[in-house]
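Breakdown of the fold
Spelled out from the first residue to the last, the chains are:
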Amino acid sequence: MKIIPLLILVLTAITTNAQELEFTGELKDLQPGTKVILTDLRPRSDLKGKRFHDTAVVSNDAFRFKTKLPGAGIYVLRVGLIGQNPEHRTLYLDAGIVRLTGKRGELKKAVVSGNDGYMKDYTRFTEIMESQEVFGRKKAIYDTAMALMASTGSYEGLFKDKAFLERETKVDQEARDKTLEVAWRWLEENPASDINAYVIYTYLARQDEDKRYKAAMEKLSPSARKSFPGKMLTDKF
């Protein structure tokens, strides 16, 4: 008769451990005492209670979170920089061990890694998305737009260059098309990936009339369905 209670305790312990995230980061040249903050990025309408928020303090260029996440989903990592605006980077996180390695002031270039399947998929998908040539052209267009506005201190310098505006519109459309192409191809080639709810929610949420959308939703893995993006999608699906 004692077997069932013991089994319940074992299962509870396994479940609890499965929710834990150990996130270590090393950013060269970070000042000692710098605060690093990890925050849940769910929309307020989808929160049930307080938003997840945890803080770590830098020592010897490194920080460490050992925390229990409320669920798999999109989180933002913020790193304070003395005398500058904080850096931030969004990440898809679940339980397990995650490592971040980089340099102060270059958080978005830092390398993120982990041994869990979801993190390997997330880093691979992110690398594929960011390696597309059109996004480099889009950034160059953005930098030029900022320079044109700075030349007059307003939007006037930008609006005067009609040829540039046409080029900007064209590149922006190419970037949107490439984003959809990469996301659809990922879902087709990796139908069982645990990050697929994140991919759909982030890149394809407005494509729900596409027949591929329904097929992708039906193929979501149990872990993807239980993630925050999965719950938000299935509530509306």
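Not measured: the values here are computed from a predicted model.

**Here we look at the sheet that holds strand E5 (residues 73-81)**
Pairing is antiparallel in the open sheet, where 4 strands are placed in the order E3-E2-E5-E6. For this open sheet the edge positions go to strand E3 (53-57) and strand E6 (84-93), each flanked by a neighbour on one side alone. Within this sheet the neighbouring strands show an average axis-to-axis angle of 20 degrees, counted without direction. Relative to E3, strand E2 (residues 35-40) runs antiparallel, the two sharing 5 bridges. The residue bridging Ile 37 from the neighbouring strand is Thr 55, located in E3.

**Quick word on the pattern of salt bridges**
Inspection of every chain in the model, using the stated rule, returns 11 salt bridges. Notably, a salt bridge pairs Lys 138 with Asp 172, separated by 3.3 Å at the nearest N-O pair. Of the two residues, Lys 138 sits in helix H3 (residues 133-152) while Asp 172 sits in helix H5 (residues 162-189), which places them 34 residues apart along the sequence. Residue classification places Asp 172 among the partly exposed residues on the basis of a relative accessible area of 26%. When the shortest N-O distance is used, the salt bridge between Arg 212 and Asp 210 registers 2.9 Å. Linked through salt bridges whose partners overlap, the residues forming this network are Glu 133, Arg 137 and Glu 174.

**Quick notes on the sheet that holds strand E1 (residues 20-28)**
Spatially, E4-E1-E7-E8 is the arrangement adopted by the 4 strands of the open sheet, whose pairing is mixed. The open sheet has two free edges, formed respectively by strand E4 (62-68) and strand E8 (111-114), since each of these has just one partner strand. Ignoring strand direction, the axes of neighbouring strands in this sheet form an average angle of 15 degrees. Two strands pair when backbone bridges link them, and E1 and E4 are joined in this way by 7 bridges, in the antiparallel orientation. Within E4, the residue paired with Glu 22 across the bridge is Lys 66. Here helix H2 (residues 117-130) sits on the sheet and contacts strand E7 (96-103) and E8; the angle it forms with E8, its principal contact strand, is near 150 degrees.

Rules of the game
Residues numbered from 1 in each chain as written. Predicted model: local features only at pLDDT ≥ 70, side-chain atom pairs only at ≥ 80, totals over all residues. Heavy atoms only, no water. Pairing = 2+ DSSP bridges. Helix = DSSP H or I, 4+ residues; strand = E, 2+ residues; numbered from the N terminus. Axes fitted to C-alpha atoms, helices over the stretch in contact; angles between N-to-C directions. Salt bridge = Lys/Arg side-chain N within 4 Å of Asp/Glu carboxyl O. Buried < 20%, exposed > 50% of the residue type's maximum accessible area, 1.4 Å probe, protein only. Contact = heavy atoms within 4.5 Å.

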